[in-house]
Amino acid sequence: MASMLWNETLSVGVKTLDDDHKKLVDMINELVDGITSNRRQESLSQILDKLIHYTRFHFRREEEYFARTGYTAAAHHASEHRELIRQVTDLQARFRSGGASLLSLEVMKFLKEWLVHHIMVEDKNYRAHLNANGIR
Ligand SMILES: [Fe+2]
Ligand SMILES: [Fe+2]
């Protein structure tokens, strides 16, 4: 599967958040590479842990910007974050319990769609609001 690349179409107009998104894209690519090159489950599990850890950090950063600027869609956006974390930790649990080969394709597709959809739809919605509040 070709690497997914961050490009301007994914920009949300805020430097720190774009940088976070680039890191998340890199981690997903690392995971996809690991799966296609048949890295050990242990090692894939570590990459997935790292991805989840950074995702939590990134979601907190966005939510902190929302709180600081009084973003009206904050509650809705945060509930999307919680749902994404729920899905990805569920995936992690299944992955750990041994469904590696079965989950490979599912993991790749899910994570790409997961990230790209959230950035393209939910994250882009905060652009004008954060920029208007001096966060860019
Ligand atoms: Fe984001
Ligand atoms: Fe978000």
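Caption draft 1: Up close: the nonpolar core. In terms of nonpolar packing, the biggest core is built from 19 residues, with I28, L31 and L115 touching the most fellow members. Going through the elements one at a time, α1 (15-36), α2 (41-69) and α4 (100-125) are the ones with two or more residues in this core. If near-sequence neighbours (up to four positions away) are discounted, I28 is found in contact with M4, L51, L111, K112 and L115.

Caption draft 2: Local environment of the environment of E83. In this fold, E83 is placed in helix α3 (residues 74-96). Residues E83 and V32, spaced 51 residues apart in sequence, show a C-alpha to C-alpha distance of 22 Å.

Caption draft 3: Seen up close, unusual backbone geometry. Of note, N38 is a non-glycine position whose phi angle comes to about 55°, a positive value. Topologically, N38 is positioned in the loop between α1 and α2.

Caption draft 4: A look at the packing of α2 against α3. Contact geometry of α2 with α3 gives a least axis separation of 11 Å together with a crossing angle of 170°. Comparing the axis directions of α2 and α3 gives the class roughly antiparallel. On α3, the residues touching S45, L48, I52, T55, R56, F59, E63, F66 and A67 of α2 are A74, H77, A78, H81, I85, V88, T89, Q92, F95 and R96. In terms of residue class, the contact of α2 with α3 is made up of 10 nonpolar, six polar and three charged.

Each value, and the rule that gives it
The numbering scheme is per chain: residues are counted from 1 as the chain's sequence reads. Written order decides the labels, with chains lettered from A and ligands numbered from 1. Totals for whole chains, interfaces and linings use all residues, but because this is a predicted model, local features are given only for residues with pLDDT of at least 70 and pairs of side-chain atoms are given and counted only at 80 or more. As used throughout, a nonpolar core is a set of buried Ala, Val, Leu, Ile, Met, Phe, Trp, Tyr and Cys residues joined through C-beta atoms within 7 Å of each other. The exposure label follows from counting other C-beta atoms within 10 Å of a residue's C-beta, where the C-beta atoms are placed from the backbone and the thresholds are 20 or more for buried and 12 or fewer for exposed, leaving partly exposed in between. In this description a helix means any DSSP run of H or I spanning at least four residues, a strand means any run of E spanning at least two, and both kinds are numbered starting from the N terminus. Contact between two residues is assigned when their C-beta atoms, built from the backbone, lie within 7 Å. As a rule, the C-alpha atoms of each element are fitted with a line to give its axis, helices using only the stretch in contact, and angles between N-to-C directions run from 0 to 180 degrees. Note that the term roughly parallel is reserved for angles under 35 degrees, roughly antiparallel for angles over 145, roughly perpendicular for angles of 65 to 115, and oblique for everything else. Side-chain classes are defined by residue name, with Ala, Val, Leu, Ile, Met, Phe, Trp, Tyr, Cys and Pro counting as nonpolar, Asp, Glu, Lys and Arg as charged, and the others, Gly among them, as polar.

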